[in-house]
Amino acid sequence: MHIVVVGMNYRTAPVEIREKFALPESDWQEALLQLRQTKSVLECVMVSTCNRTELYVVVDRLHMCGYFIRSFMEQWFDIPRQQFTPYLYIYEDDQAVEHLFRVTSGLDSMVIGETQILGQIRSAFLFAQKQGTTGTWFNTLFKQAITLAKRAHAETNINDNAVSVSYAAVELGKRIFGSFHGKKVLILGAGKMSELTVKHLYANGAAEVMVANRTLERAEQLAKQFNGRAGTLDNASLLLRDADIVISSTGAKDYILSAAEVEQAMKNRRSRPLFLIDIAVPRDLDPHIGDVSNVFLYDIDDLEGIVESNLAIRRKEAAKIEALIADELEAFHQWLKMLGVTPVIRALQSKAERIHQDTIESLFNKLPDMSEREAKLIRRLTKSMLNQMMHDPILQIKELAAEKDGEDALRFFSQIFALEEPEAATFSAEEREAKHTTGKASRETESDPERAKPALSWAAVTW
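Worth saying up front: this structure is predicted, and the values here are computed from it rather than measured.

A.B. asks: Let's hear about empty space enclosed by the protein: which residues, and what values?
C.D. replies: Scanning the model with the defined rule gives one cavity of 30 Å³ or more in all. Taken as a whole, the largest cavity holds about 40 Å³ of empty space. Around the largest cavity, the lining residues are Trp-28, Leu-32, Met-46, Ala-124 and Phe-127. Counting residues per element, the ones that place at least two in the lining of the largest cavity are α2 (28-36) and α6 (116-131). Residues belonging to the lining of the largest cavity are distributed by class as follows: five nonpolar, no polar and no charged.

Quick look at the structure:
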């Protein structure tokens, strides 16, 4: 089996592409279950944030699984593959595991070292686990990644210099105005990102904070913490009359402010400039707003590089985390190798037990007058002899399995002792059944036009 990551992020795709692949929480379950039913996929987890959409899968083979995953994305998001394939990246096996470790630790984020992604990965994994789309491999890998990220943030100073998307938005506002003193700020949305933004603004001297949200109650709760005003998104255009800067971060699927609404609000502002920063994905603000006179619109992609000075410090700490990741990658290697050796050892022990049992029964049949005490003594001594004979081979195969050619050693070991085929011994019964099912489904694709391509490398064949 193999671990594969297919995704796009802020580096590979602009926001107008990423927003098309944003996955609302209400769709997680159906999308996840459909991905699990995709040919070759045995386990899966989906991660969708403002900066990335990633599909983590365990597949029974690399060849053609990229074709199947692209088909899933094409069908689910209703976008022709030709339009999104150029923005995708793929990682296999070691690269995929290392990528997950880097993402969870915040090293792959726009704002390096941020901790929000850890919670997002954890939520995505727990949700997938609850839906039954994870198994032996991902239950171990994702728990290891989450533990690593917690350790990385606890053992390094990567969080000492505050940087986040909300912080970057505030930094951009400071560059525009120089200071927030005397400025009125309108926050659209009252979620976690908005709350963090309000805290940064208040700490930087904003004269007044206005909060507009879909539900007035939540807006009032947030505004009350900072002696601000509250309103609903329906009357957000009216609040624009007083605002100097607008920061928007809602979960809306459509634009909450149009260019026409902003143009109308500007007529009542006596030519005062209006700055808007859209940190939502999908975007909250119509891109044409930036065409309105005296209005300046920025989106999340404009935030990259805002906090470069603090990031330089974080990069030094990131090097320490890279070392932790290297150790964890090796630990996962060892776990995988032991995952393969355990069924082989069990197969050897089961075979030895059967031989011992058959031999003892044959012996007792030939010696019917043997006392119960003598029978117990013979059974115990022969079992001890058998265990001693197996002790060294078992120790040796554990050591050999951990080395570079461990799979070959397992295969040779199985052949010497005439055990079941190594591939069958490597997987659990549940995994073998899943493998059989997906293998059967995969064979049904023999007529697919891309199916006949030569297996040079998986990336070359499928992307």
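Structure's up, so let's keep going.
A.B. asks: So what's going on with the nonpolar core? Which residues, and what values?
C.D. replies: Of all hydrophobic cores here, the largest spans 67 residues; its most connected members are Ile-3, Tyr-56 and Met-73. Here this core gets nine residues from one element, more than from any other, and that element is helix α7 (residues 136-155). For Met-73, the contacting residues outside a window of four places in its chain are Val-6, Phe-21, Leu-55, Asp-78, Phe-84 and Leu-88. Among the nonpolar cores identified, the runner-up in size contains 31 residues, and Val-15, Cys-50, Val-165 and Phe-180 belong to it.

A.B. asks: Could you give an account of helix α8 (residues 165-177), with specific residues and numbers?
C.D. replies: With 13 residues, α8 extends 19 Å between its outermost C-alpha atoms, agreeing within 8% with the 18 Å of an ideal straight helix rising 1.5 Å per residue. Residues of α8 that are buried: Val-165, Ser-166, Tyr-167, Ala-168, Ala-169, Val-170, Glu-171, Leu-172 and Gly-173. Following α8 by one or two positions, Gly-178 has its phi on the positive side, about 85°.

A.B. asks: Can you explain the confidence of the model for the chain? Please cite residues and give values.
C.D. replies: For the chain, per-residue confidence averages 82 on the pLDDT scale, and 87% of positions sit at 70 or higher. Of the regions scoring below 50 in pLDDT, residues 422-463 engages in 74 contacts with residues more than four places distant in sequence or in other chains.

A.B. asks: Any details on the layout of surface pockets? Residues and values, ideally.
C.D. replies: Taken as a whole, the largest pocket holds about 1100 Å³ of empty space. Taken together, 36 residues line the largest pocket, and the ones lying closest to its centre are Glu-25, Thr-250, Gly-251, Ala-252 and Val-281. For the lining of the largest pocket, the secondary structure elements donating two or more residues are β2 (41-48), α6 and α9 (192-203). Looking at which element gives the most residues to the lining of the largest pocket, the answer is α6, with five residues.

Reading the values: rules and limits
- Residues numbered from 1 in each chain as written.
- Predicted model: local features only at pLDDT ≥ 70, side-chain atom pairs only at ≥ 80, totals over all residues.
- Heavy atoms only, no water.
- 1 Å grid on protein atoms, 1.4 Å probe; cavity = no way out; pocket = protein on both sides within 12 Å on 5 of 7 lines; lining within 4 Å.
- Points joined across faces, edges and corners; volume = space filled by probe spheres on them.
- Helix = DSSP H or I, 4+ residues; strand = E, 2+ residues; numbered from the N terminus.
- Nonpolar A, V, L, I, M, F, W, Y, C, P; charged D, E, K, R; others polar.
- Core = buried A, V, L, I, M, F, W, Y, C linked by side-chain atoms within 4.5 Å.
- Buried < 20%, exposed > 50% of the residue type's maximum accessible area, 1.4 Å probe, protein only.
- Contact = heavy atoms within 4.5 Å.
- Expected span 1.5 Å × (residues − 1).
- pLDDT = per-residue confidence, 0-100.

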